[in-house]
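Chain residues, written in single-letter form:
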Amino acid sequence: MTFPYEPFPSNPYFSCEPDRLRIVDKAQFSKVVMGKADPWLTLSVGETNVMHSRPVRVKSHQDMSIEIECELGSLRLNMESESARKVDTEGREWVYRGGLEEANEGMGWMPVS
């Protein structure tokens, strides 16, 4: 995973793929497609990763908050606090045990009381 410590792209492009979600700065899009630059952020799908199931679509994006519809619920990323919360298909809310810099390291989820 890459999580650069620079400002969130002012004009992001979200790519929902079966095995990952990529956030690309549109100003760097052609370089990323040609393999000359990395996406701003790549979240790999894994049950204990932040991207807990296949991303379907980005439902909303405002400032530093992104809500993603996933195959098994929804995911909210807070880029400012580098944290993630999910709501599963049964309506239970969970918080990721690590920060976004550890999003692909399988830190797991803890239920919110």
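Okay, so let's go over this structure. Fair warning: this is a prediction, and the values are worked out from it, not measured in the lab.

## Thoughts on the overall build of the chain
Then step 1. Along the chain, the regular secondary structure elements total 1 helix and 9 strands.
Then step 2. In terms of C-alpha radius of gyration, the chain reaches 13 Å, essentially the compact-globule figure of 13 Å for 113 residues.
Then step 3. Entry remark: accessible area of the chain is about 6,500 Å², with carbon and sulfur atoms responsible for 45%.

## Focus on the environment of lysine 86
Then step 1. In this fold, lysine 86 is placed in strand S7 (residues 83-88).
Then step 2. For the pair lysine 86 and histidine 52, spaced 34 residues apart in the sequence, the C-alpha separation amounts to 8.6 Å.
Then step 3. With near-sequence residues (within four places) excluded, lysine 86 lies in contact with His52, Ser74, Leu75, Arg92, Glu93, Trp94 and Trp109.

## Describing the pattern of salt bridges
Then step 1. Under the definition given, this model contains 9 salt bridges.
Then step 2. Close ionic contact of glutamate 90 with arginine 92 constitutes a salt bridge, the shortest N to O distance being 3.4 Å.
Then step 3. Glutamate 90 gets classed as exposed once you look at its relative accessible area, which sits at 61%.
Then step 4. Assessed through its relative accessible area of 43%, arginine 92 is described here as partly exposed.
Then step 5. Through salt bridges with shared partners, a single ionic network connects Glu17, Arg20 and Arg22.

## Points about the sheet that holds strand S2 (residues 20-25)
Then step 1. Taking strand neighbours across the sheet as the criterion, the 3 strands line up as S1-S2-S3 in an open arrangement whose pairing is antiparallel. Single-partner strands in this sheet number two, and they are strand S1 (12-17) and strand S3 (41-44). Here the average twist between neighbouring strands, direction ignored, is 10 degrees.
Then step 2. As paired strands, S2 and S3 are joined by 4 bridges and run antiparallel to one another. When the sheet's bridge partners are listed, isoleucine 23 is paired in S3 with leucine 41.

Definitions and limits used
Residues numbered from 1 in each chain as written. Predicted model: local features only at pLDDT ≥ 70, side-chain atom pairs only at ≥ 80, totals over all residues. Heavy atoms only, no water. Helix = DSSP H or I, 4+ residues; strand = E, 2+ residues; numbered from the N terminus. Rg over C-alpha atoms; globule rule 2.2 N^0.38 Å. Areas by Shrake-Rupley, 256 points an atom, 1.4 Å probe, with all protein chains shown as cover. Contact = heavy atoms within 4.5 Å. Salt bridge = Lys/Arg side-chain N within 4 Å of Asp/Glu carboxyl O. Buried < 20%, exposed > 50% of the residue type's maximum accessible area, 1.4 Å probe, protein only. Pairing = 2+ DSSP bridges. Axes fitted to C-alpha atoms, helices over the stretch in contact; angles between N-to-C directions.

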